[in-house]
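# Per-entry structural report
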Amino acid sequence: MTLLDMAKDFTKAMAQWARAGFPVVDEKEFQKRAKICSECPHWHEDDRHGLGRCDVCGCSRQKLFVKTARCPIGKW
């Protein structure tokens, strides 16, 4: 995934999140998503200064808080 692809995906995701009123997941859902990602071979825990990074979508752990966000390979 190129930097331009990531920028386009980020822009779309943030617009969708804004339209929904900026909802965030609760702590239980965040922990569930974090566990799934940490067990995924596409996840790199130590990248981005400890925020982690997904090889598929390029996102960091911050994406896990966004209620309208989805895993690009359907894990959550």
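Notes on the structure follow. (Residues numbered from 1 in each chain as written. Predicted model: local features only at pLDDT ≥ 70, side-chain atom pairs only at ≥ 80, totals over all residues. Heavy atoms only, no water.)

## Quick notes on the packing of aromatic side chains
Going through the model one piece at a time under the given rule, you end up with two aromatic pairs. Ring geometry for tryptophan 17 versus phenylalanine 22: centroids 5.1 Å apart, planes at 85°, classification edge-to-face. On the basis of relative accessible area, tryptophan 17 is assigned to the buried category, the value being 17%. Aromatic side chains phenylalanine 30 and phenylalanine 65 sit 4.2 Å apart centroid to centroid with 15° between the ring planes, which places their arrangement in the stacked category. Of this pair, phenylalanine 30 sits in helix α2 (residues 27-38) while phenylalanine 65 sits in the segment after β2 (53-54), and the two are 35 residues apart along the sequence. Given the relative accessible area of 39%, phenylalanine 65 is considered partly exposed. (Phe/Tyr/Trp six-rings, centres within 6.5 Å; stacked < 30°, edge-to-face > 60°. Buried < 20%, exposed > 50% of the residue type's maximum accessible area, 1.4 Å probe, protein only. Helix = DSSP H or I, 4+ residues; strand = E, 2+ residues; numbered from the N terminus.)

## Focus: the layout of surface pockets
In this model, the largest pocket occupies a volume close to 470 Å³. At seven residues, helix α1 (residues 3-19) tops the list of elements feeding residues into the lining of the largest pocket. Among the residues making up the lining of the largest pocket, the classes are represented as ten nonpolar, five polar and five charged. (1 Å grid on protein atoms, 1.4 Å probe; cavity = no way out; pocket = protein on both sides within 12 Å on 5 of 7 lines; lining within 4 Å. Points joined across faces, edges and corners; volume = space filled by probe spheres on them. Nonpolar A, V, L, I, M, F, W, Y, C, P; charged D, E, K, R; others polar.)

## Observations concerning the side chain of arginine 33
In this fold, arginine 33 is placed in helix α2. The buried category is assigned to arginine 33, whose relative accessible area is 4%. Within the structure, arginine 33 has its side chain in polar contact with the backbone oxygen of valine 66 (distance 3.0 Å). Excluding its chain neighbours within four sequence positions, the residues that come into contact with arginine 33 are Val25, Lys63, Leu64, Val66, Lys67, Ala69, Arg70 and Trp76. (Polar contact = N/O pair within 3.5 Å; in protein donor to acceptor, adjacent residues only side chain to side chain. Contact = heavy atoms within 4.5 Å.)

## Quick word on α2
Helical geometry: 3.6 residues make up each α-helical turn, so side chains three or four residues apart lie on a common side. In a regular helix each residue adds 1.5 Å, so twelve residues correspond to 16 Å; α2 covers 16 Å between its end C-alpha atoms and thus fits that length. Every buried residue of α2 is accounted for by Phe30, Arg33, Ala34 and Cys37. Taken end-on, α2 shows its buried residues confined to a sector of 100°, consistent with a single buried face. Taken together, the buried residues of α2 touch β1 (43-44). (Expected span 1.5 Å × (residues − 1). Arc of directions from axis to C-beta.)

These figures come from the coordinates and say nothing about function on their own.
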